[in-house]
Amino acid sequence: MYNHTYKELITKLQVSQEDVDFFANMPFARPYIDNTSLYQPVPFVSRHDKGDLSDKFFNKAINSHDTIPRALAFMQRPGSLHSPPTDENGIDLSQGAENPFFITFCQIESGVNGYIDTAHGGVLAALFDETLGLCAESYRVFVSEEGGHLLTASLQVSYRSPVRTPSAVIIKTWMRRKEGRKWFLEAQLLDQDGLLKAEAKSLYIGLKSAL
Ligand SMILES: CCCCCCCC(=O)SCCNC(=O)CCNC(=O)[C@H](O)C(C)(C)COP(=O)(O)OP(=O)(O)OC[C@H]1O[C@@H](n2cnc3c(N)ncnc32)[C@H](O)[C@@H]1OP(=O)(O)O
């Protein structure tokens, strides 16, 4: 876990302007960066070194010029959708692949290859776990306004087509439903041409007490 709350981190850390400029040159990312977008850039919290031993996999091991040198996250602007339909737990039912709550762009280089010019499936699973976790935490903090910490209990990944390297991808993540401490989320990973590369379903569980 962290020495700070997720809310402290996401509100205090800065979004890298270099990452914004990098993805702003890509047609598939530009609509989200536009000022009129329903999405706002937010820090990819786990890419930041917090001066402790947290998040070393994402801020060090796969944060280099030949692994995943760039990652840029976006969250739906609060109030961007007025009075969306909700279920009995207040979960926004309009969310889905066409209306994801949280979006991440990643530049993926050959340092994460399994086969030649192909990203390793384990790295894609890690990307799903992290971005689904960020989506769940952001939804918890900014929409549900609940306390606590969420941990991954299960993650199911379906690989539809190889992810070539180097390439840029978009990962769309959204809340599907919530049952008490159980948060169910879904995700899609697509390439720059909008082709579906992989999908995921996950279960995050809120801890009964702080770690
Ligand atoms: C910024 C944040 C980004 C973070 C993204 C990355 C997050 C991570 O990778 S975390 C690291 C990997 N995950 C872990 O280490 C978690 C290890 N597991 C655990 O600690 C525990 O099993 C934990 C906390 C998930 C659940 O334990 P606990 O709270 O005791 O659950 P428990 O009371 O047994 O079960 C609660 C409910 O969940 C269900 N459940 C528990 N585990 C699972 C599971 N693996 N699959 C399906 N359902 C499960 C139970 O059936 C029960 O359901 P119901 O209430 O309907 O009967």
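Residues numbered from 1 in each chain as written. Predicted model: local features only at pLDDT ≥ 70, side-chain atom pairs only at ≥ 80, totals over all residues. Heavy atoms only, no water.

As recorded by an unreviewed UniProt entry, the chain carries the name Acyl-coenzyme A thioesterase THEM4 and is attributed to Penicillium nalgiovense. Under the UniProt heading Sequence similarities (unreviewed entry), the note attached to the chain is "Belongs to the THEM4/THEM5 thioesterase family." (UniProt positions renumbered as here; feature names shortened; annotations may be inferred.)

Attention now goes to the environment of A153. Mapped onto the secondary structure, A153 falls in strand 4 (residues 150–159). Taking the relative accessible area as the measure of exposure, A153 reaches 46% and is therefore partly exposed. Every residue in contact with A153, bar those within four places of it in the chain, is listed here: L203, Y204 and I205. (Helix = DSSP H or I, 4+ residues; strand = E, 2+ residues; numbered from the N terminus. Buried < 20%, exposed > 50% of the residue type's maximum accessible area, 1.4 Å probe, protein only. Contact = heavy atoms within 4.5 Å.)

With that out of the way, let us pick up the UniProt feature "domain: Thioesterase" (unreviewed entry) in the chain. The positions that UniProt labels "domain: Thioesterase" (unreviewed entry) are, in the present scheme, residues 118–196. Each end of residues 118–196 is marked by a C-alpha atom, and these two atoms are 15 Å apart; helix forms 30% of the span and strand 43%.

The next point concerns the pattern of salt bridges. According to the stated counting rule, one finds 10 salt bridges in the structure shown. Salt-bridge contacts for K56 lead to D49; the nearest nitrogen and oxygen are separated by 3.5 Å. Within this structure, E18, D19 and R70 form a network of salt bridges that share partners. (Salt bridge = Lys/Arg side-chain N within 4 Å of Asp/Glu carboxyl O.)

Next up on the list: helix 2 (residues 17–24). Turning to helix 2, its buried residues are D19, V20 and F23. Taken around the axis of helix 2, the buried residues stretch over an arc of 100°, which confines them to a single face. In this structure, helix 2 carries Q17 and E18 as exposed residues pointing more than 90 degrees from its buried face. Residues of helix 2 that are buried make contact with helix 3 (30–33), strand 2 (70–76) and strand 3 (102–108). Between a side-chain oxygen at the N-terminus of helix 2 and the backbone nitrogen of E18 the separation is 3.3 Å; the capping residue is S16. (Arc of directions from axis to C-beta. Polar contact = N/O pair within 3.5 Å; in protein donor to acceptor, adjacent residues only side chain to side chain.)

What surrounds the ligand is a group of 16 residues, the closest being D129, T152, A153, R181 and K182. The separation between an oxygen atom of the ligand and a polar side-chain atom of K182 is 2.8 Å. In this structure, an oxygen atom belonging to the ligand sits 3.4 Å away from a side-chain N or O atom of K208. About the coverage of the ligand: the protein hides 50% of its 1200 Å² of free accessible area. Listed by contribution, the elements that provide at least two residues to the shell around the ligand are helix 5 (121–144), strand 4 and strand 7 (196–206). Taken together, the residues of the shell around the ligand sort by class into eight nonpolar, two polar and six charged. (Near = heavy atom within 4 Å. Areas by Shrake-Rupley, 256 points an atom, 1.4 Å probe, with all protein chains shown as cover. Nonpolar A, V, L, I, M, F, W, Y, C, P; charged D, E, K, R; others polar.)

As a further point, take the sheet that holds strand 3. One open sheet holds the seven strands; their spatial order is 1-2-3-5-6-7-4, and the pairing between them is antiparallel. The open sheet is flanked by strand 1 (39–42) and strand 4, the only strands paired with a single partner. Here the average twist between neighbouring strands, direction ignored, is 25°. Examined bridge by bridge, strand 1 and strand 2 share four bridges and lie antiparallel to one another. Residue Q40 lies in a different strand from strand 2, and its bridge partner there is M75. Against the sheet, helix 2 engages strand 2 and strand 3, with an angle of about 90° to strand 2. Strands strand 2, strand 3, strand 4, strand 5 (167–179), strand 6 (182–191) and strand 7 of the sheet are contacted by helix 5, whose axis makes an angle of about 135° with strand 4. (Pairing = 2+ DSSP bridges. Axes fitted to C-alpha atoms, helices over the stretch in contact; angles between N-to-C directions.)

Okay, unusual backbone geometry next. Of the consecutive residues T165 and P166, the connecting peptide bond is found in the cis state with omega at -5°. Summarising the element assignment, P166 is placed in the loop between strand 4 and strand 5. In this model, E145 sits at a positive phi of 55°, which is unusual for a non-glycine residue. Positionally, E145 belongs in the loop between helix 5 and strand 4.

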